[in-house]
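# Inside the fold
Residues per chain, in single letters:
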Amino acid sequence: MTTVLGCIADDFTGATDLAGLLARSGVKVSLRMGVPDETPSETAPFEVIALKIRTVPVDQAVAQALNALEWLQAAGAQRFFWKYCSTFDSTADGNIGPVAEALMDALGSTQTIYCPAFPENGRAIFMGNLFVGQQPLAESPMKDHPLTPMRDSSLIRLLKPQVTHPVCLADRLTVAKGAEALRDHLSYLSSEGVAHVIVDAVADEDLKTIAEACHDMPLMTGGSALAMPLPALFAADGLLAADAPGMLHPDLGPGAVVLSGSCSAMTNQQVASYLATGAAAYRLDPLELAERGPDAAVAWIAAQDLTKTPLIYATADPASVRAAQERLGVERAGAIVEDALAACALAARDAGARRFVVAGGETSGAVTQALGVDRLDIGAEIAPGVPWCFAVSEGTPIALTLKSGNFGAETFFADALSKLTP
Ligand code: ADP
């Protein structure tokens, strides 16, 4: 199936978020971890390439994005979406602007829009200023982010130093007049040579208007929420065949496992809630792992009845995490736990597990890498932004759900398993 929309995301969880929202349409979405080595085959109508370029040097970000663009073009895509964080996470140099400009140049496009708004999650743009809930971005906790501290709330001021062509605003008053008025305003700005247009949005209705006005641009840029109205618009344009492949429901065996390496408050609650169901569970202790390695955990998982979905977890309260980090160092403690969970995932697969519930962003990266997964087909959504995904692990079809930090309800593990019964 020819790809209709090619998406490039600047980080992994952002890519799953985008893929999940596109998949709400019921149309098949494929997520690739990095630019595939091989030429496109068996592509989905919506293809998302997850890069890790939010804070890498500009030239590397641009090179990787152009490489992704080339692959998506080879897959047949003619329209593209550059996805970044809804808090516009970037440094003074980029990489949002330079990547957008490079993609525009490659596509011969003279204008694009920037709309990171995600009203459902409290991200709104008004008069070019980004708000997180009721706080301007620069007063929100994002001001203290360790890698991309956001100290200005004006998207115009943030974007200007990142690009070489003029930046302007299409404000909420224009958006409120509807898609045609917005399109007229964009053409006027285009005639004035404005290449980069920040567009205000405070509600989902605004995003619908913006998507309607801009969905035939070669390149749109923004947060994941802006992409949500696109499938319906493409279908109305006749770009999605009526027989476009829908979401998959592959037949998988009954074996399942929960692997939890996140220590967020919500994951702690989720682990407690799952333990209370009486499920078999094994707790990973970083200090013990540092001394003896993961063999005991691997042997434990191999001996379990996987039809009962055992849990292996390193999830711990902040004091225990700090204690382990003080003894081992933050990085080493994290890596030891990630390696152990990755080894357990492999052992579980070899013992017959076909459904994997994984908690933790970094943990998800370690587990998917160990399983040799480089492509995920997006399935049913379990919680907002967390879908089941289907993949092939060294020849074996499996399902994975990759939950970062605070996502999901307290009963997430059981919710996930009940959404994908064998
Ligand atoms: P989240 O999505 O909540 O940020 P991540 O998996 O991205 O979760 O990050 C959690 C990190 O904490 C991982 O590197 C993991 O290996 C590490 N970790 C998990 N449990 C412990 C623990 N008990 N002590 C120290 N580090 C831990």
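The sections below set out a description of the structure shown in this document.

Quick notes on the rules
Residues numbered from 1 in each chain as written. Predicted model: local features only at pLDDT ≥ 70, side-chain atom pairs only at ≥ 80, totals over all residues. Heavy atoms only, no water. Near = heavy atom within 4 Å. Polar contact = N/O pair within 3.5 Å; in protein donor to acceptor, adjacent residues only side chain to side chain. Areas by Shrake-Rupley, 256 points an atom, 1.4 Å probe, with all protein chains shown as cover. Buried < 20%, exposed > 50% of the residue type's maximum accessible area, 1.4 Å probe, protein only. Helix = DSSP H or I, 4+ residues; strand = E, 2+ residues; numbered from the N terminus. Pairing = 2+ DSSP bridges. Core = buried A, V, L, I, M, F, W, Y, C linked by side-chain atoms within 4.5 Å. Domains from an automatic or database assignment. Contact = heavy atoms within 4.5 Å.

## Overview of the site of the ligand
Close contacts around the ligand come from 19 residues, with Ser262, Glu338, Glu362, Thr363 and Gly405 the closest. Contact between the ligand and Ser262: an oxygen atom at 2.7 Å from a side-chain N or O atom of the residue. Residue Glu338 places a side-chain N or O atom 2.5 Å away from an oxygen atom belonging to the ligand. For the ligand, whose free accessible area comes to 570 Å², the fraction covered by protein is 82%.

## Some thoughts on the pairing of strand 7 (residues 129–132)
Strand residues, when the strand is regular, have side chains that alternate between the two faces of the sheet. Of the two faces of strand 7, the one holding Leu130 and Val132 is buried and the one holding Asn129 and Phe131 is not buried anywhere. When strand 6 (residues 123–126) meets strand 7, the two strands line up antiparallel, connected through 4 bridges. If you follow Phe126 over to strand 7, its bridge partner there is Asn129. If you look at the hairpin formed by strand 6 and strand 7, you'll find 2 residues sitting between the two strands, and Met127 has a positive phi there, around 50°. Two strands pair when backbone bridges link them, and strand 7 and strand 8 (residues 135–136) are joined in this way by 2 bridges, in the antiparallel orientation. Bridge pairing links Phe131 to Pro136 in strand 8. Once strand 7 ends, the chain turns through 2 residues before running back antiparallel as strand 8, passing Gly133 with a positive phi of about 60°.

## Quick notes on the nonpolar core
In terms of nonpolar packing, the biggest core is built from 119 residues, with Trp82, Phe88, Ile113, Ile210, Leu259, Phe356 and Leu400 touching the most fellow members. Looking at which domains feed residues into this core, each of domain 1 (5–237) and domain 2 (255–419) supplies at least three. Leaving out residues up to four positions away in the same chain, Ile210 has contacts with Ile113, Cys115, Val175, Leu182, Val199, Asp200, Ala201 and Leu226. Ala256, Val271, Tyr274 and Ala359 belong to the second-largest nonpolar core, a separate cluster that totals 21 residues.

## Topic: the pairing of strand 15 (residues 355–359)
For strand 15, the buried fraction is high: 5 of the 5 residues fall into the buried class. Pairing of strand 12 (residues 256–260) with strand 15 involves 5 bridges; the strand directions are parallel. The residue bridging Val258 from the neighbouring strand is Val357, located in strand 15. Of the pairings in the sheet, the one linking strand 15 to strand 18 (residues 396–403) comprises 5 bridges and is parallel in character. Looking at strand 18, one finds that Ala359 is bridged to Lys403.

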